[in-house]
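Chain by chain, the residues:
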Amino acid sequence: MIKDIQQKILNLKKEKDICILAHCYQSPEILEIADFVGDSFALSVEASKVENKTVIMCGVRFMAETVKILSPDKKVILSNPDAGCPMAEMIDKDMLVQVKEQYPDYLVVAYVNTTSELKTECDVCVTSSSALKICSALENDKILFIPDRNLGSWIQKQLPDKEIMLLHGCCPTHAMMKAKDVEKAKTAHPDALLLVHPECSPEVVELADYVGSTTGIMNYAKNSDAKEFIIGTENSIVTHLQLECDDKCFYPLSKDCICHNMQATTLVDVLNCCKGTFGEEIVLDEDVYIGAKRCIDKMIELG
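Residues numbered from 1 in each chain as written. Predicted model: local features only at pLDDT ≥ 70, side-chain atom pairs only at ≥ 80, totals over all residues. Heavy atoms only, no water.

Engineer: Let's hear about the packing of aromatic side chains: which residues, and what values?
Structural biologist: Here the distance between the centres and the angle between the planes together describe a pair of aromatic rings. Under the definition given, this model contains three aromatic pairs. Their ring planes at 80° and their centres at 5.6 Å tell us that Tyr 103 and Tyr 106 sit as a pair that is edge-to-face. Residue classification places Tyr 106 among the buried positions, given a relative accessible area of 14%. With a centroid separation of 4.6 Å and 20° between ring planes, the pair formed by Tyr 210 and Tyr 220 is classed as stacked. Residue Tyr 210 is found in strand β10 (residues 210–211), and its partner Tyr 220 is found in helix α12 (residues 214–223); the two are separated by ten residues along the sequence. (Phe/Tyr/Trp six-rings, centres within 6.5 Å; stacked < 30°, edge-to-face > 60°. Buried < 20%, exposed > 50% of the residue type's maximum accessible area, 1.4 Å probe, protein only. Helix = DSSP H or I, 4+ residues; strand = E, 2+ residues; numbered from the N terminus.)

Set out below in C-alpha cells:
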C-alpha cells in the first residue's frame, strides 16, 4: 500500500511539474519520494535552483515561508497547514520591537527557526551550522540572539569577547532532554558517542562528543569509525541512521524526543497536496517578503 501511494505521488509530481522537499525529521516513506532531503535552509536554496513552478515543503511553516522568500515566483505549498514550530512562535514582532527599543546598540541575530514577520525586525539570520561563523564575523560586539537561548548559549561560550543577550525562547522538543537522560543512556551504552543538536540545554551540550546541526550529526555518524552513537535530536534521525548504517548502532537520548509538528505530515497528505486538495499555499505580503529577505541576504553574505 505504501509503495502504491508513493508511485501515485511520483506520477503526479512528474505530471504537474512539482518539486518535493522533505526535512530530515520526516518519515522514511516521505524521504523516499522527495527530490531533496536536508536541513531547512539548505532545502530552500535547492528549491530556488530548480525549474519546477510548484514546491511542496514537507516540514513546518517557517520552512515553507523561507522557500517562498527565496523563490517568490514559485507556488509554495506547506504539506500540512497545522505543522507549526513552537519556538518560532515564542517571540512576536511587537515584543521584539519593545526589546530593541530598550537595547538600541544591539544587533538582532535571528535563528532561521523564526516567522518571516519576525525576521523583518532582525539584522541577520543564522542556521545552526552557520551561527558561530556569522556571529563571529559581526563587527558589533553586542548581539541580541533570538529565539533559541540554548543555541545562543552555545555560541556565547565560544565567543567570550561578544556580549550576547538571550531571551527565553527554546525548542520544547530538544529542551526536554536533561543531564539525567545522558547519564542513563551512557550507563546503558558506555561505548557510544553522544551527538547532540545545539538546541539542547547547556547541561546536555557540555556532555556531548559532537555538537552540530541535524545534517552535521548524520554526517558525523556516517563518517566516524565508532560503531555506537547516542543521538540527541529528534528521534526520526535515529531511524534514518539505522537504515543508512546498518553496521552501526544508534540509540535515542530520550524516547520522548519527538516533534509532533514535524510528524504531522503523512504520506497521504503529500499525495493530496499533489492532487491539489490539501496543503496551504504560502502567501507573503510584500513588506514582509522584503524585510525577511534582507535578513536572509545578510546571512548569505556573511555565512
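Engineer: Residues and numbers for helix α14 (residues 267–275), please.
Structural biologist: Most of α14 is tucked away: seven of the nine residues are buried. Within α14, burial applies to Leu 267, Asp 269, Val 270, Leu 271, Asn 272, Cys 273 and Cys 274. Buried residues along α14 sit against α1 (2–15), β1 (18–23), α2 (28–31), β3 (54–58) and β4 (75–78). Downstream of α14 by one or two residues, Gly 276 has phi in the positive range, about 90°. (Contact = heavy atoms within 4.5 Å.)

Engineer: So what's going on with helix α15 (residues 286–302)? Which residues, and what values?
Structural biologist: Over its 17 residues, α15 runs 24 Å from end to end, which matches the ideal 24 Å to within 8%, given 1.5 Å per residue. What α15 keeps buried is the set Val 288, Gly 291, Ala 292, Cys 295, Ile 296 and Met 299. The arc that holds the buried residues of α15, viewed along the axis, is 125°, so those residues lie on one side. Residues of α15 that are exposed and point more than 90 degrees away from the buried face comprise Glu 286, Asp 287 and Glu 301. Structurally, α15 contributes buried residues whose contacts are with α3 (40–49), α4 (61–70), α6 (116–119), β6 (124–126) and α7 (131–137). (Expected span 1.5 Å × (residues − 1). Arc of directions from axis to C-beta.)

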